[in-house]
Amino acid sequence: KYYSIYGGRGVKMQDSWIKDFSCFFSYVSGLLSYDESNLGIKGLTIDRIDTNSDYKEGNIQWSYPTMQARNRNKQKNNTSGYVGVSFIRKLDKFLAYIVVDKKRVNIGYHKDPKKAYELRKEYIVTNDLKGFKI
């Protein structure tokens, strides 16, 4: 169902993991934040740290759905070219925003989408928000 956003765009899994599941399991079991008693109960899943890279050693982590949502590439319908930046036609400006704890925070507006994105990055750094793609 989601082939186009994974394999279809070249995302692969480390060869040794494909050939030997126990090798993969051993690696993910050793990752910080892994606790077998929490799996399924708290909804931890495997997430790529760099969404443009493969499932490989050094690029995966255990994540909650909220953290995974923060680590996404820009959506297909994004016209600004930047994550967390939308064009507001009525104002003829770009809005920088972020979603924290299921609440949207409007950060500010700018005529230039790149400058709006810079506002978003500054907000993330200033507020020490972890896991957001910048």
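Residues numbered from 1 in each chain as written. Predicted model: local features only at pLDDT ≥ 70, side-chain atom pairs only at ≥ 80, totals over all residues. Heavy atoms only, no water.

### Focus on unusual backbone geometry
Our working definition: To qualify as a helix, a DSSP run of H or I must reach at least 4 residues; to qualify as a strand, a run of E must reach at least 2; elements of each kind are numbered from the N terminus.
Non-glycine residue Asp92 carries a positive phi angle of around 55°. With respect to the helices and strands, Asp92 occurs in the loop between strand E3 (85–88) and strand E4 (93–100).

### A look at the confidence of the model for the protein
The predicted structure's coordinates, where accompanied by low pLDDT, should not be read in detail. Inclusion rule: Values of pLDDT, ranging from 0 to 100, describe the predictor's confidence in every residue of the model.
Model confidence for the protein is summarised by a mean pLDDT of 82, while 81% of its residues fall at 70 or above. Considering each helix and strand of the protein separately, the mean pLDDT is smallest for helix H3 (residues 65–70), with a value of 66, and largest for helix H1 (residues 15–19), with 95.

### Considering the pairing of strand E5 (residues 103–110)
So the rule is basically this: Here, any two strands with at least 2 DSSP bridges between them count as paired.
Note: E4 against E5, seven bridges, orientation antiparallel. Within the sheet, the bridge partner assigned to Phe94 lies in E5 and is His110.

### A look at a nonpolar patch on the surface
As a reminder of what qualifies: Candidate patch residues must exceed 30% relative accessible area and have no salt bridge, after which like charges are joined if within 9 Å and Val, Leu, Ile, Met, Phe, Trp or Tyr side chains if within 5 Å. Accessibility throughout is a Shrake-Rupley quantity obtained with a 1.4 Å probe, and a residue counts as covered only by protein chains that appear here. A pair is scored as a salt bridge if a Lys or Arg side-chain nitrogen falls within 4 Å of a carboxyl oxygen belonging to Asp or Glu.
Taken together, Tyr2, Ile5 and Tyr6 make up a surface patch of nonpolar side chains, about 290 Å² in accessible area. By the element assignment, Tyr6 lies in the segment before H1.

### Here's the deal with the environment of Leu119
Here is the rule: We call two residues in contact when some of their heavy atoms are within 4.5 Å.
If you trace the backbone, Leu119 turns up in helix H4 (residues 113–126). Sequence spacing of Leu119 and Tyr97 is 22 residues, and the spatial spacing of their C-alpha atoms is 8.9 Å. Setting aside residues up to four positions removed in sequence, Leu119 forms contacts with Ala96, Ile107, Gly108 and Tyr109.

### Comments concerning the packing of aromatic side chains
How we decide: Side-chain rings of Phe, Tyr and Trp, where Trp is taken by its six-membered ring, are said to pair if the distance between their centres is within 6.5 Å; with planes under 30 degrees apart they count as stacked, over 60 as edge-to-face, and otherwise as tilted. Exposure categories follow from relative accessible area, calculated using a 1.4 Å probe and restricted to protein chains: below 20% of the type maximum is buried, above 50% is exposed, and the middle band is partly exposed. For a ring to carry a charge above it, either NZ of a lysine or CZ of an arginine must fall within 6 Å of the ring centroid while also lying within 35 degrees of the normal to the ring plane.
With the rule as written, the count across this model stands at six aromatic pairs. Where Trp17 meets Phe24, the ring centres are 5.2 Å apart and the plane angle is 70°; that geometry is what we call edge-to-face. According to the relative accessible area criterion, Trp17 is buried, its value standing at 3%. With centroids separated by 5.8 Å and ring planes inclined at 45°, the aromatic side chains of Phe21 and Phe24 adopt a geometry described as tilted. Linking Phe21 with Phe24, this pair stays in helix H2 (residues 21–29), spanning three residues, or about one helical turn. By way of ring pairs, the aromatic residues Trp17, Phe21, Phe24, Phe25 and Tyr27 are connected into one cluster. A cation sits over an aromatic face here: Arg104 above Tyr97, 3.8 Å from the ring centre.

### Here we look at the sheet that holds E5
Two strands in a sheet stick together by hydrogen bonds in their backbones, pointing the same way (parallel) or opposite ways (antiparallel). Put simply, the test is: What counts as an axis is a line fitted to C-alpha atoms, over the stretch in contact for a helix, and the angles between N-to-C directions run from 0 to 180 degrees.
Across the sheet, three strands lie side by side as E3-E4-E5; this open sheet has antiparallel pairing. Each edge of the open sheet carries a strand with a single partner, namely E3 and E5. Averaged over all neighbouring strand pairs, the angle between strand axes comes to 35°, with direction disregarded. Examined bridge by bridge, E3 and E4 share four bridges and lie antiparallel to one another. When the bridges of E4 are listed, Val85 appears paired with Ala96.

### A word on the nonpolar core
We apply this condition: Put simply, a nonpolar core is a bunch of buried Ala, Val, Leu, Ile, Met, Phe, Trp, Tyr and Cys residues held in one set by side-chain atoms that sit within 4.5 Å of each other.
Core analysis: the biggest nonpolar cluster contains seven residues, these being Trp17, Phe24, Val28, Leu31, Leu44, Ile60 and Trp62. Residue assignment for this core shows that the elements contributing at least two residues are H2 and strand E2 (60–63). One finds Val85, Phe94, Ala96 and Ala116 within the second-largest nonpolar core, a separate group that totals five residues.

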